[in-house]
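Here are the chains, one letter per residue:
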Amino acid sequence: MSRRRQIYEGKAKILYEGPEPGTIIQYFKDDATAFNAQKRGTINGKGVINNRISEYVFTRLSHIGIPTHFIRRLNMREQLVRQVEIVPIEVVVRNVAAGSICKRLGLEEGEPLPHTLIEYCYKDDALGDPLIAEEHIACFGWASNEEMQDIASMAIRVNDFLSGMFAAINIRLIDFKLEFGRLYDGDYSRVILADEISPDGCRLWDMTTNEKLDKDRFRRDLGGEEEAYQEVARRLGLLQNDESAQGEVFDLSSHRSKLRGTPKPKK
Ligand code: TMP
Ligand code: ASP
């Protein structure tokens, strides 16, 4: 048996060569990092949940005509995706002020923004993914004007769709990060949605309580991160009873009470 070839190891995923040319396997790890990997930890079961949530979200997005790299989920932690050339830009879409924009502009967390804002960061860990303007993207040729138009219009469509999708399960989509990649076809290329969409790269607040159901629980040492990720998956209808049969047990009753800060019921 030959060992498959690892292409890249990131902070939350490992990429392996796929079974056919032009495909890649994305393996979702439990590792969590924050503040440009200055803070490191693990969130048990995160990889399994993010694999499922990302599969679900990318599939729903493809149904509304957003081109994505997703092909199919292979198993609990892996999915098959199209190989793309990642555009070196993180696209952050914000509906409500939270996180870095609050520090930068002195806004209060939770303040709705006058309108949806798209920000761009240059994907470079050594530089700490600095915020950039569209002029930097054009000046340094990180993406063409045409690609940026496609990226911005897809980002807005993704935001509209996901805001509604999450609102239907009583979750407010505060902000999120997208990545795009180039898919080549001969001399031509087009940009498609890549990477993942999961509570690692989104801020998701319960609409009733404003409880954080995303990686901010880890970033800010709030605790209950495993339960928060499970809660998102559960509300999306992705946690079924058969999960435990595959070796991952999700105890829903206990995590919900933990999230609210009440003690676990005694068995
Ligand atoms: P920020 O407020 O820290 O700039 O983050 C905005 C959104 O982007 C938030 O939902 C988390 C996500 N994000 C990532 O997915 N990766 C990152 O490296 C950063 C900084 C943010
Ligand atoms: N994933 C990023 C990191 O570790 C930042 C974050 O999500 O907060 O550096």
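Quantities reported herein were computed from a predicted structural model and do not represent experimental measurements. (Residues numbered from 1 in each chain as written. Chains lettered and ligands numbered in written order. Predicted model: local features only at pLDDT ≥ 70, side-chain atom pairs only at ≥ 80, totals over all residues. Heavy atoms only, no water.)

Considerations on the site of ligand 1
Of all residues adjacent to ligand 1, which total 13 residues, the nearest are R94, S100, D175, K177 and R203. The separation between an oxygen atom of ligand 1 and a polar side-chain atom of R203 is 2.9 Å. About the coverage of ligand 1: the protein hides 76% of its 450 Å² of free accessible area. Secondary-structure elements contributing two or more residues to the shell around ligand 1 are β9 (89–96), β12 (171–185) and β14 (202–206). Its residues assigned to classes, the shell around ligand 1 comprises four nonpolar, three polar and six charged. (Near = heavy atom within 4 Å. Polar contact = N/O pair within 3.5 Å; in protein donor to acceptor, adjacent residues only side chain to side chain. Areas by Shrake-Rupley, 256 points an atom, 1.4 Å probe, with all protein chains shown as cover. Helix = DSSP H or I, 4+ residues; strand = E, 2+ residues; numbered from the N terminus. Nonpolar A, V, L, I, M, F, W, Y, C, P; charged D, E, K, R; others polar.)

A closer look at helix α4 (residues 145–167)
Taking 1.5 Å per residue as the helical rise, α4 with its 23 residues ought to reach 33 Å, and the 33 Å between its terminal C-alpha atoms agrees with that figure. Along α4, the residues classified as buried are E147, M148, I151, M154, A155, V158, N159, F161, L162, M165 and F166. (Expected span 1.5 Å × (residues − 1). Buried < 20%, exposed > 50% of the residue type's maximum accessible area, 1.4 Å probe, protein only.)

Some thoughts on the packing of helix α1 (residues 46–63) against helix α6 (residues 225–235)
At a minimum axis distance of 10 Å, the contact between α1 and α6 shows a crossing angle of 30°. In terms of axis orientation, α1 runs roughly parallel to α6. Taken as a pair, α1 and α6 cross one another with a handedness that is left-handed. Facing α1, whose interface residues are K46, I49, N50 and I53, α6 presents Y229, Q230, V232 and A233. (Axes fitted to C-alpha atoms, helices over the stretch in contact; angles between N-to-C directions. Parallel < 35°, antiparallel > 145°, perpendicular 65-115°, else oblique. Left-handed = near helix turned anticlockwise from the far one by under 90°. Contact = heavy atoms within 4.5 Å.)

Observations regarding the packing of α1 against α4
In helix packing, the relevant descriptors are the interaxial angle and the interaxial distance, both defined with respect to the helix axes. The geometry of α1 relative to α4 is characterised by a closest axis approach of 11 Å and an angle of 120° between their N-to-C directions. Between α1 and α4, the angle falls in the class oblique. The two elements α1 and α4 cross, and the hand of that crossing is right-handed. Residues Y56, V57, R60 and L61 of α1 form the contact with α4, whose participating residues are V158, F161, L162 and M165.

Some thoughts on the packing of aromatic side chains
Overall, the coordinates contain two aromatic pairs when judged by the stated rule. For the ring pair Y122 and W142, a centre distance of 3.9 Å and an interplane angle of 15° mean the geometry is stacked. Within this pair, whereas Y122 is found in strand β10 (residues 112–122), its partner W142 is found in the loop between α3 (134–139) and α4, the two being separated by 20 residues in sequence. By relative accessible area, which is 17% here, W142 ends up buried. By the ring-pair criterion, three or more aromatic residues cluster together here, those being Y122, F140 and W142. (Phe/Tyr/Trp six-rings, centres within 6.5 Å; stacked < 30°, edge-to-face > 60°.)

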